[in-house]
Amino acid sequence: MEKVKAKEVKDDGLLYIIESSQVPFEIKRVYTIIDADTELPRGYHAHRDTEQAVFCLRGGLRITLDNGLSRSKIVLNQKNKGRGVIQRKMVWIEMDKFLPGTILLVLSSKEYDPKGYIRSYHQFIKEAKKSNPT
Ligand code: TYD
């Protein structure tokens, strides 16, 4: 699993700093996910042509990444504050075990395009096999 880390500065308040050089793509979109339902797993999709870096700034969650061949899981929480993971194109993501008050920051290589989402795992495996035949 590819990881990145925001620099944490405790000044008057807490700063997280991410330089564009730390992220392996050009950033075209930034969004946050705040106060996700702790009972509701989310994600369950892959992007055909978008790469993302997902950072947990507060709280915690578990992220599963699946490239169609193997799965890796990471827990992001206060113990590894500012840690982010890279979701490459054609990698399935699942996010669960959200702690209350969790704040995620997502950097994305493309502007929003709902057509670029694969939301069925079956379809994802089909397309992953085509783009990465073994
Ligand atoms: P979605 O990507 O489905 O969230 P998740 O898969 O993590 O549950 O996005 C949730 C909603 O927000 C959906 O209605 C689409 C909208 N949305 C945008 O309009 N622009 C964006 O850049 C993103 C990420 C989501």
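Use the structure listed above.
A brief structural summary. Not measured: the values here are computed from a predicted model. (Residues numbered from 1 in each chain as written. Predicted model: local features only at pLDDT ≥ 70, side-chain atom pairs only at ≥ 80, totals over all residues. Heavy atoms only, no water.)

## Quick word on helix α1 (residues 121–131)
If you check which residues of α1 are buried, you get Phe-124, Ile-125, Glu-127 and Ala-128. Buried residues belonging to α1 abut β5 (42–47), β7 (61–66), β10 (92–96) and β12 (117–118). (Buried < 20%, exposed > 50% of the residue type's maximum accessible area, 1.4 Å probe, protein only. Helix = DSSP H or I, 4+ residues; strand = E, 2+ residues; numbered from the N terminus. Contact = heavy atoms within 4.5 Å.)

## Observations regarding the site of the ligand
Taken together, the residues surrounding the ligand are Arg-29, Tyr-31, Arg-42, Gly-43, His-45, Tyr-112, Tyr-117 and Arg-119. Arg-42 places a polar side-chain atom, nitrogen or oxygen, 3.1 Å from an oxygen atom of the ligand. In the model, an oxygen atom of the ligand is placed 3.0 Å from a nitrogen or oxygen of the Tyr-117 side chain. Burial of the ligand by the surrounding chains reaches 57%, relative to a free accessible area of 520 Å². Its residues assigned to classes, the shell around the ligand shows three nonpolar, two polar and three charged. (Near = heavy atom within 4 Å. Polar contact = N/O pair within 3.5 Å; in protein donor to acceptor, adjacent residues only side chain to side chain. Areas by Shrake-Rupley, 256 points an atom, 1.4 Å probe, with all protein chains shown as cover. Nonpolar A, V, L, I, M, F, W, Y, C, P; charged D, E, K, R; others polar.)

## Structural notes on the sheet that holds strand β8 (residues 71–76)
Read across the sheet, five strands follow the order β8-β7-β10-β5-β12 without closing on themselves; strand pairing throughout is antiparallel. Each end of this open sheet is capped by a strand with a single partner; those strands are β8 and β12. Bridge count between β7 and β8: six bridges; the pairing is antiparallel. From the neighbouring strand, Arg-62 faces β8, where its bridge partner is Val-75. (Pairing = 2+ DSSP bridges.)

## Quick word on the pattern of salt bridges
Applying the stated criterion across every chain, the model contains 11 salt bridges. Glu-51 is the partner of Arg-88 in a salt bridge, and the nearest nitrogen-oxygen pair spans 3.1 Å. Of this pair, Arg-88 sits in the loop between β9 (83–87) and β10 while Glu-51 sits in the loop between β5 and β6 (52–58), and the two are 37 residues apart along the sequence. Arg-88 sits in the partly exposed class, given a relative accessible area of 27%. According to the relative accessible area criterion, Glu-51 is buried, its value standing at 13%. In this structure, Arg-71 and Asp-66 form a salt bridge, with 2.9 Å as the shortest nitrogen-oxygen distance. (Salt bridge = Lys/Arg side-chain N within 4 Å of Asp/Glu carboxyl O.)

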